[in-house]
Amino acid sequence: MSKLEIKAGGIKLDHPVMLASGILDENGYTMKKILEEGAAAAVTKSIGAEERNGYISPVVVEGEGYIINAMGLPNPGIELYEEEIRIAKKSKKPVIGSIFAADPDGFLNLAEKMVDYGVDGIELNLSCPHVKGFGTEVGSDPVLVKEIVKTLKGSIDKPVWSKLSPNVTDIVEIGQAASESDALVLINTVRAMAIDIYARKPVLTNVYGGMSGSSIKSVGIRLVYEIKKELDMEIIGVGGIQNGNDAIEYIMAGASAVQVGTAAWKYGRGVFKSIMDQIAQFMEENHIRGIDEIIGVAVQ
Amino acid sequence: MSKLEIKAGGIKLDHPVMLASGILDENGYTMKKILEEGAAAAVTKSIGAEERNGYISPVVVEGEGYIINAMGLPNPGIELYEEEIRIAKKSKKPVIGSIFAADPDGFLNLAEKMVDYGVDGIELNLSCPHVKGFGTEVGSDPVLVKEIVKTLKGSIDKPVWSKLSPNVTDIVEIGQAASESDALVLINTVRAMAIDIYARKPVLTNVYGGMSGSSIKSVGIRLVYEIKKELDMEIIGVGGIQNGNDAIEYIMAGASAVQVGTAAWKYGRGVFKSIMDQIAQFMEENHIRGIDEIIGVAVQ
Amino acid sequence: MIYHLMVNEKVKETPTVFSIYFDWDVDILPGQFVMVWVPGFSEVPMTVASVKDKKCITVKVYGKTTEKLSQIEKGDLLYIRGPYGKPFTFNNGEKLLIGGGSGMASLRTLIDEKSTGIIASKTGDELLFKDEFLPGRAICVTEDGSSGIKGLATEGIKAVDLKKFDAIYVCGPEMMMKSIFEILKDTDLNVEFSFERSMKCGIGLCDSCSIDGLQVCKDGPTFNMNQVRAMYEFGRTKLLSSGKRIYMK
Amino acid sequence: MIYHLMVNEKVKETPTVFSIYFDWDVDILPGQFVMVWVPGFSEVPMTVASVKDKKCITVKVYGKTTEKLSQIEKGDLLYIRGPYGKPFTFNNGEKLLIGGGSGMASLRTLIDEKSTGIIASKTGDELLFKDEFLPGRAICVTEDGSSGIKGLATEGIKAVDLKKFDAIYVCGPEMMMKSIFEILKDTDLNVEFSFERSMKCGIGLCDSCSIDGLQVCKDGPTFNMNQVRAMYEFGRTKLLSSGKRIYMK
Ligand SMILES: Cc1cc2nc3c(=O)[nH]c(=O)nc-3n(C[C@H](O)[C@H](O)[C@H](O)COP(=O)(O)OP(=O)(O)OC[C@H]3O[C@@H](n4cnc5c(N)ncnc54)[C@H](O)[C@@H]3O)c2cc1C
Ligand SMILES: Cc1cc2nc3c(=O)[nH]c(=O)nc-3n(C[C@H](O)[C@H](O)[C@H](O)COP(=O)(O)OP(=O)(O)OC[C@H]3O[C@@H](n4cnc5c(N)ncnc54)[C@H](O)[C@@H]3O)c2cc1C
Ligand SMILES: Cc1cc2nc3c(=O)[nH]c(=O)nc-3n(C[C@H](O)[C@H](O)[C@H](O)COP(=O)(O)O)c2cc1C
Ligand SMILES: Cc1cc2nc3c(=O)[nH]c(=O)nc-3n(C[C@H](O)[C@H](O)[C@H](O)COP(=O)(O)O)c2cc1C
Ligand code: FES
Ligand code: FES
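Residues take numbers from 1 onward in each chain, read along the sequence in its written order. All chains are assigned letters beginning with A, and all ligands numbers beginning with 1, in the order in which they are written. Side-chain atom pairs in this predicted model are given and counted only at pLDDT of 80 or more, local residue features only at pLDDT of at least 70, and totals for whole chains, interfaces and linings cover all residues. Think of the side-chain values as coming from all heavy atoms in the structure, minus any hydrogens and water.

*Asks:* Got a minute to help me understand the overall build of chain A in this structure?
*Replies:* Only DSSP runs of H or I covering at least 4 residues are called helices, and only runs of E covering at least 2 are called strands; the numbering of each starts at the N terminus. Secondary structure summary: chain A contains ten helices and 16 strands in total. It is over C-alpha atoms that the radius of gyration is taken, and the globule rule equals 2.2 Å times the number of residues to the power 0.38. Computed over its C-alpha atoms, the radius of gyration of chain A comes to 18 Å, within 12% of the 19 Å expected for a compact globule of 300 residues. Taking the principal axes of its C-alpha atoms as reference, chain A extends roughly 50 × 50 × 40 Å. Buried positions account for 67% of the 300 residues belonging to chain A. In chain A, 70% of the contacts between residues at least 6 apart in sequence involve partners at least 24 apart. Using a 1.4 Å probe, the Shrake-Rupley method yields the accessible areas, and only the shown protein chains count as cover for residues. Put simply, chain A shows about 9600 Å² of open surface, and 45% of that area lies on carbon and sulfur atoms. For every residue, the accessible area (1.4 Å probe, protein chains only) is compared with the maximum for its type, and the residue is labelled buried under 20%, exposed over 50%, or partly exposed between those bounds. In this analysis, two residues are considered to be in contact whenever any of their non-hydrogen atoms come within 4.5 Å of each other.

Here it is in structure tokens:
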């Protein structure tokens, strides 16, 4: 029997497939259900200091092989988020609190609250591609990234992951800046948009959004590989994973575990278990005894 | 009757659909055939100063909705390229010479030769994502880009287009640097890669490659829109165009004309004519009298 | 994928409700919905209120988007994604349709010669689709008593013999559905509800519409009695657009 | 999409040519080819030399990649893309197959009881698939005269009555095909050629294999007499791997 357990970015997981931030995780009951139905862990929606409604609909564009979204970081604000964490934690599985802020103190305040609420780790969203003042604007500034990670690692005793954007010229520079993190999470969505030629207007009310789904898998693989090769850090892979083979491709590129978002929409909540089963089967057939054995094996 | 003619980036075209650089344009006879079968113009493969064989195969990965390539800029060197231009020009249609170099003098030398050979315009490849020392390494440095464009515009009396990379943090900064160009060409391929999980190796011999095809269309639309909105420059749109609606989406985002690459593989050489016909039909049905009328109409 | 569908006809149903008819060559089942984009305004979920050859949506004007939609004319385009959601289980026997307010729009496709309606609204002129039932099969209930029984939808139930229905379908404001649920939950009647919760993506991605871990847009909007019995959040708590949890009443 | 196919059997055909058999559940027609990736080496085009239940490629060792491929064992994986290219037009009547060197591999799938072969090679032990023809139907031609007729493939043609063939298929080095073309071009015989040009993508994208604006990988590798007659580049000029144009001879 192949062993699917893995300690990734400081968190022990039953298997390497978890729920990505922002998909099916606004409501604690949804996270709980997804965890019970097979995800190894769940990352919450990104939570900020203040309540935000997010953007006016349309907030998604459905394409073939991808989704473009501009939710606009809707969230109730950190003060009111305790209840959702509490509900999700009834599953007894790891819950990682994703947070967004504009500066180190902002992140620290949110992280401390999340830890109080009982999360198992923190994911810093340094990469939302469509909200001004947050996300990529923060995450593409290496000096700021370094400061944020340093601040958190000095104060929080739970693992801290940094989620990076693919929308940068040099990912290695940003990865280096975030190198004190327990893991890098790669990748957030790819900045994109769609126009309706009959309406002669951008479809998303926010105009710009982020592309996710199978169309971005090869971009994610590239960034994971590049970081593994250049920095040899621990990585959580995310972006376009739909099946066991995709997950293993990320793992061979350097990821210790993976997150799945869009495929949970496309194939339903059962996708976590089926990806897990497919990984197990591939390992069995190829005489791989543990995930550790194949992390980054393709890096040359 | 709707009029399909358009003057784009200083070049008069019968209709807005041309062949993109690097696809089906190594051999002059191929360009000639594609021009005769419907493309409004052809951009040559990117040509450098010296002969290059390009990378060892595999040089392409076929995915669903995309191709990743790492050809490695194979080319015979500028000295020997005259014959291909001469052959292609027998079609009597515009041929744009694409060139790559590491510095302004390198580009100038190539451009002068291309003009001698009879091209109708020059496209600066500032954006190949997988060859060290060229492409994105040049094209992500705004100071260098500015210098290159300035040098060429001061010496060449044919239109100069700058082809930019999507693999940058801030396209507006680069677009600004290239703002003396007669047009910006957006986008080159998106940096990506694939791993074969049985071989446990990257598929491309060069490891990294560039993704093209319908998967990148929304990224291209976003960059064209962003440049049109922020800089209001002339733009040639390229990336994932498969049909008339895609072309019109690019035009409404701000492009004056479009280039098609991967779809010429997917649907054959006839794709230029069919895209052209679909554009004409849309214009007819929506009472659009000329391309000019819809360039950038979606920008808000 | 957005469909661009030409409007064939607009019909005024009540002072604040109108139907928009259009051709659309897709199979849609009773209870499924679409996301209707009004460019420049927003995108709203609407049940398809006619699923035969002629498709239609029936819209009540609440805010800016539905107001703008009310100005649509024959020949204009509708921008539509879908159809989405789990349909009602259609029953060929005796049906009771309980609709509150514009909730009746979601039930319209179930109306046939074996359907009885309990149509509830604030005032008499807001009663929706009462003429689509066979004579004597529409029981009207109004809050102001201006037409039919005076009171809430629950009053209407008292006027029928529940046991004679092979299936009961309920759609309306959540608290109305909750009251009806309380009346029916201990029976073994065959009941389905159609839920409305704040929707953003409409496709089961964003979680804004969820109830007890299920997405109303994908696992619903229709839920059967067993599913509803197992719900904690129903009629009790929900998330606002920001994800802020509020408790009802 | 790369297929991972288990090798069933390896058969030595001549001192430098071997066949690799594998199961692959796809439809392949005579003349089509695949791209075979040898990880760590390169990727090479190979005609599928058996298209029935058992698929096979027949490989001549030229350089590093084919050398490495020659070391493959039963149970190893083949990494394959394809099948690609336009097949031969199969003819049920009398067929003449003219194969030079490993070119015979591309023609093997056309061998049946009505096929006659002209098999040309440098030396007698390099003659490929001569035993797959019915007795008396394989005409061997060797440059050193160690077996059959001494000379080039064109000598073999003199030994047959061309007019009795319903279809003629030719595959081999371009200059050999050119010589044969010169002999046949003014006849109205039904002739098809299978071309080899430097291939990189194999799918009609990169233009490295093209001839007169056609891509050998996609419009070919098989071309009929009319197509070849219209070609200027055939046997005259081609592009090297860099795109450098050279003139032959
Ligand atoms: C699955 C589903 C199916 C639906 N089907 C239909 C349908 O067939 N016909 C139809 O008319 N509506 C239907 N709705 C409701 C409809 O989507 C909303 O009424 C609409 O989004 C309002 O948009 P607006 O921008 O005009 O109003 P907003 O500006 O969003 O709202 C204006 C005011 O009206 C209130 N309001 C909005 N919607 C409702 C509501 N449904 N009930 C009570 N108060 C409300 C708001 O709280 C706000 O105060 C459906 C909803 C869902 C989830
Ligand atoms: C459509 C198509 C189908 C093909 N089918 C087959 C097939 O079924 N069986 C088969 O054995 N080969 C076939 N080939 C040829 C085969 O692809 C090459 O022989 C192979 O790529 C050589 O690879 P290598 O790396 O081992 O040799 P390289 O290292 O590329 O070459 C080593 C040396 O051999 C020479 N050489 C390479 N290939 C050839 C050749 N074909 N003819 C003459 N000299 C050559 C080179 O010029 C070089 O000097 C086909 C080619 C094409 C285009
Ligand atoms: C609707 C939606 C909302 C998202 N919200 C967030 C978010 O709040 N924080 C975040 O870090 N990533 C967010 N993401 C990005 C995903 O976590 C993930 O990085 C991305 O979707 C790629 O993975 P996928 O292809 O498996 O979806 C969101 C993605 C989607 C589709
Ligand atoms: C095989 C291949 C080779 C390419 N070579 C070049 C090149 O030499 N120079 C260049 O500027 N762009 C090159 N490109 C990029 C294309 O011109 C184009 O920008 C990109 O493929 C996106 O368009 P598409 O989706 O229509 O293919 C190449 C693309 C492909 C697929
Ligand atoms: S509206 Fe997004 S999950 Fe239902
Ligand atoms: S090998 Fe690339 S076009 Fe034929």
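*Asks:* Just checking my understanding: could you explain the site of ligand 1 for this structure?
*Replies:* All names here are of chain C. Near residues are defined by distance, with any heavy atom within 4 Å of the molecule or strand qualifying the residue. Residues in contact with ligand 1 amount to 16 residues; listed here are only the nearest, Pro45, Thr58, Lys60, Thr66 and Glu196. The backbone of Pro45 places a nitrogen or oxygen atom 2.7 Å from an oxygen atom of ligand 1. Pairs of N or O atoms are called polar contacts if they sit within 3.5 Å, as long as, within protein, a hydrogen donor faces a hydrogen acceptor (for residues adjacent in sequence, only side-chain-to-side-chain pairs). Contact distances for ligand 1 include 2.7 Å between an oxygen atom and a backbone N or O atom of Lys60. For ligand 1, the protein covers 67% of the area, taking 900 Å² as the surface of the free molecule. Of all the secondary structure elements, the ones that give two or more residues to the shell around ligand 1 are β4 (43–51), β5 (54–60) and α1 (64–69).

*Asks:* Help me understand the packing of helix α1 (residues 28–36) of chain B against helix α2 (residues 82–89) of chain B in this model?
*Replies:* Helix packing for two helices is described by the angle between their axes and how far apart those axes are. Residue and element names in this part refer to chain B. Following both chains from N to C, one finds α1 and α2 inclined at 20 degrees, their axes separated by 7 Å at the closest point. It follows from the interaxial angle that α1 and α2 lie roughly parallel. Where α1 crosses over α2, the handedness of that crossing is right-handed. Contacts between α1 and α2 involve Gly28, Tyr29, Met31, Lys32 and Leu35 from the former and Glu84, Ile87 and Ala88 from the latter. Each residue receives one of three labels: charged for Asp, Glu, Lys and Arg, nonpolar for Ala, Val, Leu, Ile, Met, Phe, Trp, Tyr, Cys and Pro, and polar for the others, Gly being one of them. Partitioning the contact of α1 with α2 into residue classes produces five nonpolar, one polar and two charged. For helices, the axis comes from a line fit to the C-alpha atoms of the stretch in contact; other axes are also lines fit to C-alpha atoms, and the angle between any two N-to-C directions lies between 0 and 180 degrees. Each angle is binned into one of four classes, with values under 35 degrees roughly parallel, values over 145 roughly antiparallel, values of 65 to 115 roughly perpendicular, and all other values oblique. Crossing chirality is assigned from the near helix's rotation relative to the far helix, an anticlockwise turn below a right angle marking it left-handed and a clockwise turn marking it right-handed.

*Asks:* Can you walk me through the state of the cysteines in this structure?
*Replies:* Here, the word disulfide means a covalent bond between the sulfur atoms of two cysteines. Residues and elements named next belong to chain D. Any pair of cysteine sulfurs within 2.5 Å is marked as a disulfide. Scanning the entire structure with this criterion turns up zero disulfides over all chains. Of all cysteine sulfurs in the structure, the one in Cys171 sits closest to Cys56, which takes part in no disulfide; the separation is 15 Å. Residue classification places Cys56 among the buried positions, given a relative accessible area of 0%. Among the cysteines around Cys140, which has no disulfide bond, Cys171 carries the closest sulfur, lying 17 Å off. The buried category is assigned to Cys140, whose relative accessible area is 12%.

*Asks:* Help me understand the packing of helix α3 (residues 104–117) of chain B against helix α5 (residues 142–155) of chain B in this model?
*Replies:* Residues and elements named next belong to chain B. Direction vectors running N to C along α3 and α5 enclose 35 degrees, while the axes themselves pass 9 Å from each other. α5 is crossed by α3, and the crossing has right-handed handedness. Across from Pro104, Phe107, Leu108 and Ala111 in α3, the residues of α5 making contact are Leu144, Glu147, Ile148, Thr151, Leu152 and Ser155. Tallied by class, the residues present in the contact of α3 with α5 amount to seven nonpolar, two polar and one charged.

*Asks:* Just to check I follow, could you spell out the site of ligand 3 for this structure?
*Replies:* Around ligand 3, the structure places 23 residues, and the nearest of them are Ser21(A), Ser46(A), Lys163(A), Gly240(A) and Thr262(A). Two or more chains meet at ligand 3, and those chains are chains A and C. Ile187(A) is positioned such that a nitrogen or oxygen atom in its backbone is 3.0 Å from an oxygen atom of ligand 3. Across the complex, the protein chains shield 97% of the 600 Å² of accessible surface that ligand 3 would expose by itself.

*Asks:* Whenever I open this one, the packing of aromatic side chains confuses me. Can you help?
*Replies:* Given two aromatic rings, one states the distance between the centres and the angle between the planes to describe the pair. Here a Phe, Tyr or Trp ring, Trp counted by its six-membered ring, pairs with any other such ring whose centre lies within 6.5 Å, and the pair is stacked when the planes are under 30 degrees apart, edge-to-face when over 60, and tilted otherwise. Under the criterion given, the structure shown has 28 aromatic pairs over all chains. Residues Trp37(D) and Tyr79(D) carry aromatic rings whose centres are separated by 5.4 Å and whose planes lie at 75 degrees to one another, so their mutual orientation is edge-to-face. One end of the pair, Trp37(D), is in strand β3 (residues 33–37); the other, Tyr79(D), is in strand β6 (residues 77–84), with 42 residues separating them in the sequence. Of the two residues examined, Trp37(D) and Tyr79(D), each falls in the buried class. When the centroid spacing of 6.5 Å and the interplanar angle of 65 degrees are considered together, the rings of Phe193(D) and Phe195(D) count as edge-to-face. With respect to class, Phe193(D) is no different from Phe195(D); both count as buried. Each member of the aromatic cluster is reached from another via a ring pair, and the members are Phe181(C), Phe193(C), Phe195(C), Phe223(C) and Phe234(C).

*Asks:* Looking at this structure, how should I read unusual backbone geometry?
*Replies:* Residues apart from glycine generally show negative phi values, whereas peptide bonds are mostly found in trans. Looking along the chain, the bond that leaves Gly82(C) and enters Pro83(C) is cis, with omega of -5 degrees. The step from Gly220(D) to Pro221(D) runs through a cis peptide bond, and the omega angle for that step is 10 degrees. Following the sequence through the fold, Pro221(D) ends up in the loop between β14 (214–215) and β15 (222–224). At Arg200(B), a position not held by glycine, the phi torsion is positive, near 55 degrees. In this fold, Arg200(B) is placed in the loop between β12 (195–196) and β13 (201–202). With relative accessibility at 29%, the residue Arg200(B) sits in the partly exposed group. The backbone of Asp232(B) sits at a positive phi, close to 50 degrees, despite the residue not being glycine. Tracing the chain through its elements places Asp232(B) in the loop between α7 (217–231) and β15 (235–238).

*Asks:* Explain the pairing of strand β9 (residues 160–163) of chain B here, please?
*Replies:* Successive residues of a regular strand alternate their side chains across the two faces of the sheet. Residue and element names in this part refer to chain B. Both faces of β9 are covered, namely the face carrying Val160 and Ser162 and the face carrying Trp161 and Lys163. Paired strands are those between which DSSP finds at least two bridges. Where strand β8 (residues 121–125) meets β9, four bridges bridge the pair, whose relative direction is parallel. Its bridge partner lying in β9, Leu124 is registered against Ser162.

*Asks:* Looking at this structure, how should I read the domain arrangement of chain C?
*Replies:* Put simply, an interface is often sized by how much accessible area is lost when its parts join up. All names here are of chain C. By the assigned domains, chain C splits into domain 1 (3–84) and domain 2 (95–247). Listed per partner, the contact involves 23 residues of domain 1 and 19 residues of domain 2. With both chains or domains summed, domain 1 and domain 2 bury close to 1600 Å², and 62% of this area falls on carbon and sulfur atoms. Take a side-chain nitrogen of Lys or Arg and a carboxyl oxygen of Asp or Glu: if they are within 4 Å of each other, that pair is a salt bridge. There are zero salt bridges connecting domain 1 and domain 2. Run the count over domain 1 and domain 2 and you get three residue pairs in polar contact (both at pLDDT 80 or more). Counting only elements with at least two residues in the side of domain 1 that touches domain 2, the list comes to β1 (3–14), β2 (17–23), β3 (33–37), β4, β5 and β6 (77–84). For the side of domain 1 that touches domain 2, the element with the most residues is β4, which contributes seven residues. By residue class, the composition of the side of domain 1 that touches domain 2 is 13 nonpolar, six polar and four charged. All domain edges in this entry derive from an automatic or database-based domain assignment. Buried area counts how much accessible surface, traced with a 1.4 Å probe, disappears from two parts once they are put together, with both parts' losses summed.

*Asks:* Even after reading the chapter, I still don't get the interface of chain A and chain B, so can you show me in this structure?
*Replies:* Each partner contributes residues to the interface: chain A has 40 residues there, and chain B has 40 residues. Carbon and sulfur atoms make up 59% of the surface buried where chain A meets chain B, a total of about 3700 Å² over both sides. Ranking the residues of chain A by area buried against chain B places Ile197(A), Arg200(A) and Arg222(A) at the top, with a combined share of 19%. The interface formed by chain A and chain B contains two salt bridges. A salt bridge links Glu226(B) to Arg191(A); the nearest nitrogen and oxygen atoms lie 3.1 Å apart. Taken together, the connections running from chain A to chain B amount to twelve residue pairs in polar contact (both at pLDDT 80 or more). For the side of chain A that touches chain B, the secondary-structure elements that each account for two or more residues are β6 (66–69), β11 (190–192), β13 (201–202), α7 (217–231) and α8 (244–253) of chain A. Counting residues per element, the side of chain A that touches chain B draws most heavily on α7(A), which supplies seven residues. Broken down by class, the residue content of the side of chain A that touches chain B amounts to 25 nonpolar, eight polar and seven charged.

*Asks:* Even after reading the chapter, I still don't get the interface of chain D and chain B, so can you show me in this structure?
*Replies:* At the interface, 39 residues of chain D touch 40 residues of chain B. For the chain D and chain B pair, buried surface summed over both sides reaches about 3200 Å², with 55% attributable to carbon and sulfur atoms. Sorting the residues of chain D by area buried against chain B places Lys200(D), Leu205(D) and Ser242(D) first, and these three jointly supply 20% of that buried surface. On inspection of chain D and its partner chain B, the count reaches four salt bridges. For Glu51(B), the salt bridge goes to Lys244(D), with nearest N and O atoms at 3.8 Å. Seen at the junction of chain D and chain B, the total is 26 residue pairs in polar contact (both at pLDDT 80 or more).

*Asks:* How do you make sense of empty space enclosed by the protein when you look at a structure like this?
*Replies:* A probe as big as a water molecule, rolled over the atoms, marks out the empty space that is left. Here a cavity is any set of points on a 1 Å grid over the protein atoms alone where a 1.4 Å probe fits but cannot get out, and a pocket is any open set with protein on both sides within 12 Å along at least 5 of 7 lines; a residue lines the site when it has an atom within 4 Å of a point. Grid points are joined across faces, edges and corners, and a volume is the space filled by probe spheres set on the points. Enumeration according to the criterion identifies five cavities of 30 Å³ or more in this entry. For the largest cavity, the calculated volume is near 470 Å³. Around the largest cavity sit 36 residues that line it, and Ser21(B), Ile23(B), Asn69(B), Asn188(B) and Thr189(B) are the ones nearest its centre. Among the elements of the structure, β6 (66–69), β8, β16 (255–260) and α9 (262–267) of chain B are those that each provide at least two residues to the lining of the largest cavity. Residue classes in the lining of the largest cavity are distributed as 16 nonpolar, 17 polar and three charged. Estimated volume of the second largest cavity: approximately 90 Å³. Broken down by secondary-structure element, the contributors of at least two residues to the lining of the second largest cavity are α7 of chain A together with α7 of chain B.

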